[in-house]
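Summary of structural features
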Protein chains: 2
Amino acid sequence: MEKITSLQNAKIKKWALLKQKKERDKSGLFLIEGEHLIEEALKAECVETILFDGICPFSFDSLIQVTPEILNKLSQNVSGAKLIAVCRKKENVIKDPEKLILLDGVQDPGNLGTIIRTAISFGFDGIYCSKDTCDIYNEKVIRSTQGALFQLPVIYEDLHDVIPALQKEGMTVIGTSLRESKTMDEIQKEKIAIVLGNEGQGVHEDIIQLCDAAVRIEMNGFESLNVAVAGGILMYHYRKK
Amino acid sequence: MEKITSLQNAKIKKWALLKQKKERDKSGLFLIEGEHLIEEALKAECVETILFDGICPFSFDSLIQVTPEILNKLSQNVSGAKLIAVCRKKENVIKDPEKLILLDGVQDPGNLGTIIRTAISFGFDGIYCSKDTCDIYNEKVIRSTQGALFQLPVIYEDLHDVIPALQKEGMTVIGTSLRESKTMDEIQKEKIAIVLGNEGQGVHEDIIQLCDAAVRIEMNGFESLNVAVAGGILMYHYRKK
């Protein structure tokens, strides 16, 4: 079995860079930490290498024994990690979708993680993200979704291209907006894609223009809803039954 | 106008302790930062003293000019603050409620903040929190609610006492639970209190026993919902119309 003990090892230095989105994009690799997440990643067949110190609970082709210092260097957790896996991003495809979420610039990793878990709960088939949406391979998103990440296809693509393509396939695309909008009961469709917007600005006006309709959540107060909460209410309404 | 320049000033040292829940509980005071929040707190009449460096945008009885170092000491923001106010917690009362939220040990400040904003959006009259629920005067809750905090009465009390008292007033109390539960459509009441539980454990079993019914959110997947999302779906369903 391979052993690495030096923090200066070329592989370790390369993997440490995966904390940056730029490097994850370039290499197609990302890191995960902890037994539970690695178990989920193994099921999803996206693990390349497992790094461990002490005893590894997994039998796997590519195991590397390392030092606690190396694990600390790669970990994004203040208290370090006992197990880290280098994973390869999957080529996601969404076939014949009935229910989709489109994210137009959602920034907060916590919101993204919550939206992914909610989408799975309500039987959504996948998520398309605009290129300026938070990276799902961000450590906080991975941690907050705890493996749910591997259950749902998430694709980064320009929504200006995605929306017309979905409409051609017979999907109704609705954007959340406060003005000139319909209530959820006024838009009842089987094949539906819901666009959720940025925490501050909402859905971009040019994206709303591409949608088949704008939908609003009926409210009583003037407070704005958190995007994950608004998404939850919409996904529950349009859930797969 | 009073001026304080020493970090060792007794008032400053006392106020710095307000970062701790224990000290906020003992004194009934809490700190807020920034012009927008202070404006909201002034409207809510809970400001005691405003500390500033440079020019204060507010005219107020009790203004104290301080140094940037003092503001940094009191601030919970890494980049410091220009304005800090010492506020007094309000004695909250909820009169003749129609819609209430009860929180049974919600721990995450972000979730608590989101639940408060959602409750305002859907016309809820107030929130009762168990004593082990996250403190609303926690800096992260205050920041995430941006003043919404001052619009909704929030009361910390033992839910074992609150629930029977509400039932005596004719309210239906429902707890979220996955087993032996009804759907939202099966429980249609005007005067309703919804119990939301801890992020890990949900609503305590003894609290569920006190409720009139247990409610579940119909789902398609096996993923569990975030408590703020579950709360959002329930509050939308039972909103004030």
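This structure is a prediction, so every number in the text was calculated from the model and none was measured. (Residues numbered from 1 in each chain as written. Chains lettered and ligands numbered in written order. Predicted model: local features only at pLDDT ≥ 70, side-chain atom pairs only at ≥ 80, totals over all residues. Heavy atoms only, no water.)

**A look at the overall build of chain A**
Here is the rule we go by: Going along the chain from the N terminus, every DSSP run of H or I of four or more residues is numbered as a helix, and every run of E of two or more is numbered as a strand. Residue burial is assigned from relative accessible area. The probe radius is 1.4 Å, only protein chains are included, and a residue is buried under 20% of its type maximum, exposed over 50%, and partly exposed in between. Residue contacts are counted whenever heavy atoms from the two residues lie within 4.5 Å of one another. Surface exposure here means Shrake-Rupley accessible area, sampled with a 1.4 Å probe, where a residue is shielded only by the protein chains that are shown. Under the counting rule used here, the positive set is Lys and Arg, the negative set is Asp and Glu, and His together with the chain ends is not counted. Note on charges: their place is set at NZ of Lys, CZ of Arg, CG of Asp or CD of Glu.
Regarding its fold elements, chain A presents 9 helices and 12 strands. Along the first, second and third principal axes, the C-alpha set of chain A runs to 60 × 35 × 30 Å. Out of the 241 residues in chain A, the part that is buried amounts to 56%. Contacts spanning at least 24 positions in sequence make up 75% of the contacts within chain A whose residues lie at least 6 apart. Put simply, chain A shows about 11400 Å² of open surface, and 47% of that area lies on carbon and sulfur atoms. Averaging the positions of the 30 positive and the 35 negative side-chain charges in chain A gives two centres separated by 4 Å.

**Re the interface of chain B and chain A**
Rules: Buried area is understood as the total, over both parts, of accessible area removed when two parts are fitted together, assessed with a 1.4 Å probe. Any carboxyl oxygen of Asp or Glu that lies within 4 Å of a side-chain nitrogen of Lys or Arg is treated as forming a salt bridge with it.
Contact with chain B, which involves 28 residues of that partner, is made by 27 residues of chain A. Both sides together, the interface formed by chain B and chain A hides about 2200 Å², and carbon and sulfur atoms give 56% of it. Here chain B is connected to chain A by 2 salt bridges. Measuring nitrogen to oxygen at the nearest pair gives 3.4 Å for the salt bridge that ties Glu218 of chain B to Arg239 of chain A.

**Side note on the pairing of strand S5 (residues 83-88) of chain A**
All names here are of chain A. Let me state the cut-off plainly: A pair of strands counts as paired when DSSP detects no fewer than two bridges linking them.
Counting buried positions along S5 yields 5 of 6 residues, so the element is predominantly enclosed. As judged from the 5 bridges shared by strand S2 (residues 29-33) and S5, these two strands associate in the antiparallel manner. Within S5, the residue paired with Leu29 across the bridge is Arg88. Of the strand pairs in this sheet, strand S3 (residues 47-52) and S5 are connected by 5 bridges, and their pairing is antiparallel. Looking across to S5, one finds that Leu51 is bridged to Ile84.

**Structural notes on unusual backbone geometry**
Located in the positive-phi region is Asp96 of chain A, a residue other than glycine, with phi close to 40°. Note on placement: Asp96 of chain A falls in the loop between S5 and strand S6 (99-104). Look at Glu45 of chain B: it is not a glycine, yet its phi comes out positive at around 55°. Here Glu45 of chain B is to be found in the loop between helix H3 (35-43) and strand S3 (47-52). Judged by relative accessible area, Glu45 of chain B falls into the exposed class, the value being 72%.

**Some thoughts on the pattern of salt bridges**
Residues and elements named next belong to chain B. For the coordinates displayed, the defined rule picks out 20 salt bridges over all chains. Its salt-bridge partner being Lys11, residue Glu2 comes within 2.9 Å of it at the nearest N-O pair. Given the relative accessible area of 36%, Glu2 is considered partly exposed. Residue classification places Lys11 among the partly exposed residues on the basis of a relative accessible area of 32%. We note a salt bridge from Arg24 to Asp135, for which the minimum N-O separation is 2.8 Å. Taken as a pair, Arg24 in helix H2 (residues 21-27) and Asp135 in the loop between strand S7 (126-129) and helix H6 (139-145) lie far apart in primary sequence, 111 residues in all.

**A closer look at the packing of aromatic side chains**
All names here are of chain A. For the record, the criterion: Centres within 6.5 Å are what make two rings of Phe, Tyr or Trp a pair, Trp counting through its six-membered ring; a difference in plane orientation under 30 degrees is then read as stacked, over 60 as edge-to-face, and the rest as tilted.
Taken as a whole, this structure holds 6 aromatic pairs over all chains when the rule is applied. On the numbers, 4.2 Å between centres and 40° between planes, the contact of Phe30 with Tyr137 is tilted. Of this pair, Phe30 sits in strand S2 while Tyr137 sits in the loop between strand S7 (126-129) and helix H6 (139-145), and the two are 107 residues apart along the sequence. An identical accessibility class is assigned to Phe30 and Tyr137; each is buried. Arranged with centres 6.5 Å apart and planes meeting at 25°, the rings of Phe30 and Phe150 form a pair that is stacked. Residue Phe30 is found in strand S2, and its partner Phe150 is found in the loop between H6 and strand S8 (154-156); the two are separated by 120 residues along the sequence.

**Considerations on the domain arrangement of chain A**
All names here are of chain A. The condition is simple: Domain ranges listed in this record stem from an automatic or a database domain assignment.
We note that the domain assignment places domain 1 (2-88) and domain 2 (99-237) within chain A. Summarising the inter-unit geometry, the C-alpha centres of domain 1 and domain 2 are found 31 Å apart. Taken together, the two surfaces of domain 1 and domain 2 that pack against each other cover about 1000 Å², and 67% of this comes from carbon and sulfur. Of all residues in domain 1, Arg24, Phe30 and Leu37 bury the most surface against domain 2, accounting for 44% of the area lost on that side.

**Observations regarding the relation of the copies chain B and chain A**
The test is simple: We place the copies in one frame by least squares, fitting the C-alpha atoms of every residue whose pLDDT is at least 70 in both.
Least-squares fitting of chain B to chain A yields an RMSD of 0.0 Å, with the transformation described by 0.0 Å of translation along the axis and a rotation of 180°. What the superposition gives is, in effect, a two-fold axis relating one chain to the other. Of the residues that chain B buries at the interface, 96% are likewise interface residues in chain A, meaning the two copies contact each other through the same surface.

**Section: helix H5 (residues 109-121) of chain A**
Residue and element names in this part refer to chain A. Stated formally: Multiplying one less than the number of residues by 1.5 Å gives the expected span of a helix. Here a polar contact is taken to be a pair of N or O atoms separated by no more than 3.5 Å, where protein atoms must pair a possible hydrogen donor with a possible acceptor and residues adjacent in sequence count only if both atoms sit in side chains.
The end-to-end C-alpha distance of H5, which contains 13 residues, comes to 19 Å, matching closely the 18 Å that a straight helix rising 1.5 Å per residue would cover. Measuring from the side-chain oxygen of the N-cap residue of H5 to the backbone nitrogen of Gly110 gives 3.0 Å; that N-cap residue is Asp108. One or two steps after H5, the chain reaches Gly123, where phi turns positive at roughly 75°.

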